[in-house]
Amino acid sequence: MGSALLSQWVEGPEAITVVDPAGSDVPDGVTLVTDRAAIADRNFDLIVAAVKPQLIDDVLPDYAAHLAPEGYVLSIAAGYSASRLSKVMGNAPVIRTMPNLPAAIGRGVSGICPGPLATAAHTEHAEDFMRRAGTTITVDSEEKLDRVTAVAGSGPGYVFEIARAYAEAAMAQGFDEDEARKMVLGTIGGAVAMAGEPGAPSLEELRNSVTSKGGTTAAGLAALNGDGGLTTRLHDTLQAAYERAVELR
Ligand SMILES: NC(=O)C1=CN([C@@H]2O[C@H](COP(=O)(O)OP(=O)(O)OC[C@H]3O[C@@H](n4cnc5c(N)ncnc54)[C@H](O)[C@@H]3O)[C@@H](O)[C@H]2O)C=CC1
Ligand SMILES: O=C(O)[C@@H]1CCC=N1
């Protein structure tokens, strides 16, 4: 996820240094170091915590000394609370954000939640910074951010899985993989773009506009969600993701 954000952040004027022991690819203009020793004498206005939440306790304390006096920590980690992160970073100001993967093409959706000691200036900076990767929604509690995580952070995973299953079903109708992918992604993309047009009708009205009485769509929809099973499954999906975020706090 860090690389996805980096691909957009690199367009800005800041000097960016990535520390990654695995030595991942970074865009031109970004400094990569694989050992923190290489930045031993340096301070940063912003430290982005982009490791797995389970690694934060081990990794982040070493970075407390690298934060500039007016700087803050921006965490993209799911669940891991801002107060806990502030503590491991020597009581640094922390802002949590929850981006999602389409940030890689500037189409992400990022929740933002200011944590302990974050100033209005830090929040404004975080909002501007995240907006470079797509749209943002600022929430006033970590509880809410963990729900943004369930809806949007993990969301592309649900969408890719739904598209995958949809394509698999198309292949079972006799199409090859390329044809299935083309039809499924074209259909999802076209429908989503239409729903996103300014002044578009509600999602329910849009669904109804495809559904002729006694027609093919009605037959398909009855099988898809006639018993509310899809709705229930999506409720369960978001709840399970939210509960996992709570466990990671
Ligand atoms: N994958 C996604 O769609 C999203 C992920 N996130 C959050 O992003 C964070 C990273 O997740 P992913 O990108 O999925 O994982 P990932 O495994 O792809 O990336 C983690 C990166 O951390 C690096 N790393 C490991 N140990 C390190 C250390 N000691 N110092 C510096 N770097 C180290 C790894 O080499 C790797 O490049 C997690 O906290 C996750 O909750 C948030 C939103 C969406
Ligand atoms: O699966 C995860 O835990 C991360 C956070 C949101 C998306 N990926």
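These figures come from a predicted structure and were not determined experimentally.

Caption draft 1: Looking closely at the overall build of the chain. Helix and strand content of the chain: 10 helices and seven strands. Structurally, the chain occupies a C-alpha span of about 70 × 35 × 35 Å along its principal axes. Across the 249 residues in the chain, those meeting the buried criterion constitute 32%. Element-wise, carbon and sulfur atoms account for 56% of the exposed surface of the chain, whose accessible area totals about 14,500 Å². When the 19 basic and 32 acidic side-chain charges of the chain are each reduced to a single mean position, those positions are 5 Å apart.

Caption draft 2: Structural context of the site of ligand 2. Near ligand 2 you find A78, G153 and S154, and these make up its full shell. When ligand 2 sits alone it has 240 Å² of accessible area, and the protein chains cover 44% of it.

Caption draft 3: Representation of unusual backbone geometry within the structure. Non-glycine residue N91 carries a positive phi angle of around 60°. On the secondary structure map, N91 appears in the loop between α3 (82-88) and β5 (94-98). The exposure class assigned to N91 is exposed, which follows from its relative accessible area of 53%. Phi angles above zero are rare outside glycine, and L117 is one such case at about 70°. Within the element layout of this structure, L117 appears in the loop between β6 (108-114) and α4 (120-131).

Caption draft 4: Focus on a nonpolar patch on the surface. On the surface, M1, L101, V159 and F160 cluster together to form a nonpolar patch covering roughly 370 Å² of accessible area. Summarising the element assignment, V159 is placed in helix α6 (residues 155-172). In this structure V159 comes out as partly exposed when scored by relative accessible area, which is 45%.

Caption draft 5: Molecular detail of the domain arrangement of the chain. Segmentation of the chain into domains returns domain 1 (2-140) and domain 2 (155-247). Inter-centroid distance (C-alpha atoms) of domain 1 to domain 2 is 33 Å.

Caption draft 6: Focus on the packing of aromatic side chains. For the structure shown, the criterion picks out one aromatic pair. Ring centres of W9 and F129 lie 4.3 Å apart, and the angle between their planes is 10°; on these two criteria the pair is classed as stacked. With W9 in helix α1 (residues 2-9) and F129 in helix α4, this pair connects stretches of sequence that are 120 residues apart. The residue whose ring lies beneath R36 is Y63, and the NZ or CZ to ring-centre distance is 5.8 Å.

Rules used in this analysis
- Residues numbered from 1 in each chain as written.
- Chains lettered and ligands numbered in written order.
- Predicted model: local features only at pLDDT ≥ 70, side-chain atom pairs only at ≥ 80, totals over all residues.
- Heavy atoms only, no water.
- Helix = DSSP H or I, 4+ residues; strand = E, 2+ residues; numbered from the N terminus.
- Buried < 20%, exposed > 50% of the residue type's maximum accessible area, 1.4 Å probe, protein only.
- Areas by Shrake-Rupley, 256 points an atom, 1.4 Å probe, with all protein chains shown as cover.
- Lys, Arg positive; Asp, Glu negative; His and termini not counted.
- Charge placed at Lys NZ, Arg CZ, Asp CG, Glu CD.
- Near = heavy atom within 4 Å.
- Patch = residues over 30% accessible without salt bridge, like charges linked within 9 Å, V, L, I, M, F, W, Y side chains within 5 Å.
- Salt bridge = Lys/Arg side-chain N within 4 Å of Asp/Glu carboxyl O.
- Domains from an automatic or database assignment.
- Phe/Tyr/Trp six-rings, centres within 6.5 Å; stacked < 30°, edge-to-face > 60°.
- Lys NZ or Arg CZ within 6 Å of the ring centre and 35° of its normal.

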